[in-house]
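# Inside the fold
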Amino acid sequence: MKFVDEFRDAGLGRVLAGEILASVEPGRHYKLMEVCGGHTHSIYKYGVDDLLPANVELVHGPGCPVCVIPMGRVDDGIALAHEPGVIFTCFGDMMRVPGARGTLLEAKAEGADVRMVYSPLDALRIAKANPDRETVFFAIGFETTAPSTALTLMRAKAEGVRNFSVMCNHVTIVPPLRALLESPDLRLDGFIGPGHVSTVVGARPFQFIPAQYGKPCVIAGFEPLDILQAIHMILTQLAEGRAEVENQYTRVVPFEGNGKALGVMADVFELRPHFEWRGLGFISQSGLKLSERYADLDAELRFAVPGVRVADPKACQCGEVLKGVIKPWECKVFGTACTPERPIGTCMVSSEGACAAYYNYGRFAREREVV
Amino acid sequence: MTCDDPYHCITCGDDGVQMRVVAVDEARGLALCEAAGGGRESVEIALVDAVAPGDALLVHAGTALTKVAA
């Protein structure tokens, strides 16, 4: 398949690995964060880290939309799902994320009408097919899925669908990156920038990383050669004493982003003053809610949402994993009490979660031998 | 609850899928698109410039975010 096979070429991968080896300074330790969960997934699926020199360490970032949902929001969703007459719709893995009151899948087992959808448009279709019931869509994700939710809300408004509403949990990528850069317990040398978020926001929002913090940021695609090339570009910047935003993923990401997508987001959403992130706490202006014009489609205004705040389970160290302070296998419950079948923490739920990626691709066994 | 498609997994909806346009319904702002595995779905095309059958799109949660360069 075009744009896939050529970016998985093993021979080219070895050449790039050689160039990466040649560009590192012996004795210097490099800590690079891949921001996006999609990158984490690819790195472990294809064994990209096995091709890197020992002194180049990859740290997993907070860019998995399921992983950063706090328990309180899950509980709010479950409460909504139990409202009489409600059809509660969400993406598949969201159903397995544990809140303090269990999961949405368990709520479904208890009789709540919880349905998995692949897109918000599917949720709107369900609403139109069930005019005598209320359909709620539990919206999650970064700037990649927010435009989709925005278009669906615009469509619902234009078509006058009254029995559809959205519980908005959309977040933006820049505020948590800034929070990580301000974090004293994490020293990073550079960032592998999120590929698909950048198709929407463009490269410009990441310019604060080199400008204010002096770190390189290279926006990368998701195939193994994309990631290797991005790592090489970061290391080259460091070797030459440069810090810039570069775009490795030019076949998909325009520097300016997608103006239409940004336009519909600006129309439908507004920033919340604060939003809680799992493990990262409250981050200012990092979450989206429905704007005044769409308030009549806001599930949080239409229903009584408890809005409780729940502390993460003590045993779970998703917060440290999301900040890149510890590796997944260093968590006390990794692979024992917390597995993809029975996750305690969100990072073990989604295939993009760092813990699930380690677990599913067997990284934990090798890492433990090293310890 | 993982996706069987070998190229991607859309379990949390936030994973880009490269799809090819099969047919365009301009009146409804939708395109019928096909993924590498052969699966077809309706995709929102309001956010990309005019698309035609054969175009490659990057799709997130049922919405095309960009055309993939030919």
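Predicted model only: the values in this text are computed from it and were never measured.

What follows is about the overall build of chain B. Assigned secondary structure in chain B consists of zero helices and five strands. Mapped from its N terminus to its C terminus, chain B presents α and β elements in the order β-β-β-β-β. A burial count over chain B gives 51% of its 70 residues as buried. A sequence separation of at least 24 residues applies to 29% of the contacts in chain B between residues at least 6 apart. Split by element, the accessible area of chain B, about 3000 Å² in all, is 48% carbon and sulfur.

Along its length, chain A carries 15 helices and 13 strands. In terms of C-alpha radius of gyration, chain A reaches 21 Å, essentially the compact-globule figure of 21 Å for 371 residues. A principal-axis box enclosing the C-alpha atoms of chain A has dimensions of 65 × 45 × 40 Å. Counting the 371 residues in chain A, one finds 63% classified as buried.

All right, on to the sheet that holds strand E6 (residues 164–170) of chain A then. All names here are of chain A. Ordered by their spatial adjacency, four strands build an open sheet running E4-E3-E5-E6, and the pairing between neighbours is parallel. Each edge of the open sheet is held by one strand with a lone partner, namely strand E4 (113–116) and E6. For this sheet, the mean inter-axis angle between neighbouring strands, taken without regard to orientation, is 20°. Direction of pairing for strand E3 (residues 86–90) relative to strand E5 (residues 134–141): parallel, over a ladder of four bridges. In the strand pairing of E5, Phe88 is matched with Val136. Sheet contacts for helix H3 (residues 71–81): E3, E4, E5 and E6; angle to E6, the most-contacted strand, approximately 170°.

A separate point is the pairing of strand E5 (residues 63–67) of chain B. Within a regular beta strand, the side chains point alternately toward one face of the sheet and then the other, so they alternate between its two faces. All names here are of chain B. Among the five residues in E5, four count as buried, and that is most of the element. For strand E4 (residues 56–60) and E5, the ladder comprises four bridges, and the chain directions are antiparallel. Bridging across to E5, Leu58 finds its partner in Thr66. Between E4 and the antiparallel strand that follows it, E5, lie two residues; Ala61 among them carries a positive phi value of about 50°.

All names here are of chain A. Counting across every chain of the model gives seven aromatic pairs over all chains. Their ring planes at 50° and their centres at 5.9 Å tell us that Phe142 and Trp277 sit as a pair that is tilted. Of the two residues, Phe142 is situated in the loop between E5 and helix H6 (146–159) and Trp277 in strand E11 (residues 274–277); the sequence distance between them amounts to 135 residues. A relative accessible area of 2% places Phe142 in the buried class. Trp277 sits in the buried class, given a relative accessible area of 1%. Aromatic pair Phe334 and Tyr359: ring centres 6.2 Å apart, planes at 70°, arrangement edge-to-face. Taken together, the residues Phe334 in the loop between helix H13 (318–323) and helix H14 (354–360) and Tyr359 in helix H14 connect sequence positions 25 residues apart.

Moving on, we get to unusual backbone geometry. Phi is positive for Gln285(A), which is not a glycine, with a value near 50°. Here Gln285(A) shows up in the loop between strand E12 (281–284) and strand E13 (288–290).

Residues and elements named next belong to chain A. Strand order in this open sheet of five strands is E2-E1-E7-E8-E9, and the pairing throughout is parallel. Of all the strands in the sheet, the pair left with one neighbour each is strand E2 (56–63) and strand E9 (245–247). In this sheet, neighbouring strand axes are inclined to one another by 20° on average, regardless of whether the strands run parallel or antiparallel. With six bridges connecting them, strand E1 (residues 30–36) and E2 associate as parallel partners. If you follow Leu32 over to E2, its bridge partner there is Leu58. Packing against the sheet, helix H2 (residues 37–46) makes contact with E1, E2 and strand E7 (190–193), and its axis sits at approximately 120° to E1.

Moving on, we get to the packing of H6(A) against helix H11 (residues 259–268) of chain A. Residue and element names in this part refer to chain A. Closest axis-to-axis distance for the H6/H11 pair is 9 Å, and the angle between their directions is 60°. Put simply, H6 runs oblique to H11. Of the two elements, H6 crosses H11, and the hand of that crossing is left-handed. Listed contacts from H11 to Ala146, Pro147, Ala150, Leu151, Leu153 and Met154 of H6 are Ala261, Val264, Met265, Asp267 and Val268.

The next subject is the pairing of E5(A). Counting buried positions along E5(A) yields seven of eight residues, so the element is predominantly enclosed. For the handedness criterion, the β-α-β arrangement of E5(A), H6(A) and E6(A) is classed as right-handed.

What follows deals with the pattern of salt bridges. Pairing between side chains of opposite charge can happen when their charged atoms approach one another. Taken as a whole, this structure holds 26 salt bridges over all chains when the rule is applied. The closest approach of N and O atoms between Asp122(A) and Arg125(A), which form a salt bridge, is 2.6 Å. Note that Asp122(A) and Arg125(A) are positioned in helix H5 (residues 120–129) at a spacing of three residues, about one turn of the helix. Among the residues examined, Arg125(A) registers a relative accessible area of 37% and is labelled partly exposed. For Asp49(B), the salt bridge identified is with Lys260(A), shortest N-O distance 3.3 Å. Placement of the pair is Asp49(B) in the loop between strand E3 (40–44) and E4 and Lys260(A) in helix H11, with the two residues belonging to separate chains. Of the residues examined, Lys260(A) reaches a relative accessible area of 40% and is grouped as partly exposed. Here the residues in one salt-bridge network are Glu240(A), Arg242(A), Glu244(A) and Glu246(A), joined through shared partners.

Cut-off values and rules
The residue numbering used here restarts from 1 in each chain and proceeds along that chain's sequence as written. Chain A is the first chain written and ligand 1 is the first ligand written, with later ones labelled in order. The model is predicted, so local features are restricted to residues of pLDDT at least 70 and side-chain atom pairs to those at 80 or more, both for listing and for counting; the totals for chains, interfaces and linings are taken over all residues. Side-chain numbers here rest on the full set of heavy atoms in the structure, without hydrogens or water. Put simply, DSSP marks the helices as runs of H or I at least four residues long and the strands as runs of E at least two long, and each gets a number from the N terminus on. Type-normalised accessible area, obtained with a 1.4 Å probe on protein chains alone, sets the label of each residue: buried when under 20%, exposed when over 50%, and partly exposed for intermediate values. For this analysis, residues touch if any pair of their heavy atoms sits within 4.5 Å. For the accessible areas, the method is Shrake-Rupley and the probe is 1.4 Å, while residue cover comes only from the protein chains on display. Only the C-alpha atoms count toward the radius of gyration. The rule for a globule is 2.2 Å times the residue count to the power 0.38. Strands pair, by our definition, only if DSSP identifies at least two bridges between them. Convention adopted: a line fitted to C-alpha atoms gives each axis, helices being fitted over their contacting stretch, and angles between N-to-C directions are expressed from 0 to 180 degrees. Stacked, edge-to-face and tilted labels apply to pairs of Phe, Tyr and Trp rings (six-membered ring for Trp) whose centres lie within 6.5 Å, assigned for plane angles under 30 degrees, over 60, and everything in between, in that order. By definition in this entry, angles of less than 35 degrees are roughly parallel, angles greater than 145 are roughly antiparallel, angles of 65 to 115 are roughly perpendicular, and the rest are oblique. By definition, turning the near helix anticlockwise from the far helix through less than a right angle yields a left-handed crossing, and turning it clockwise yields a right-handed one. A clockwise path from the first strand over the helix to the second, with the strands pointing away from the viewer, defines a right-handed crossover. The term salt bridge refers to a pairing of a side-chain nitrogen on Lys or Arg with a carboxyl oxygen on Asp or Glu at a separation within 4 Å.

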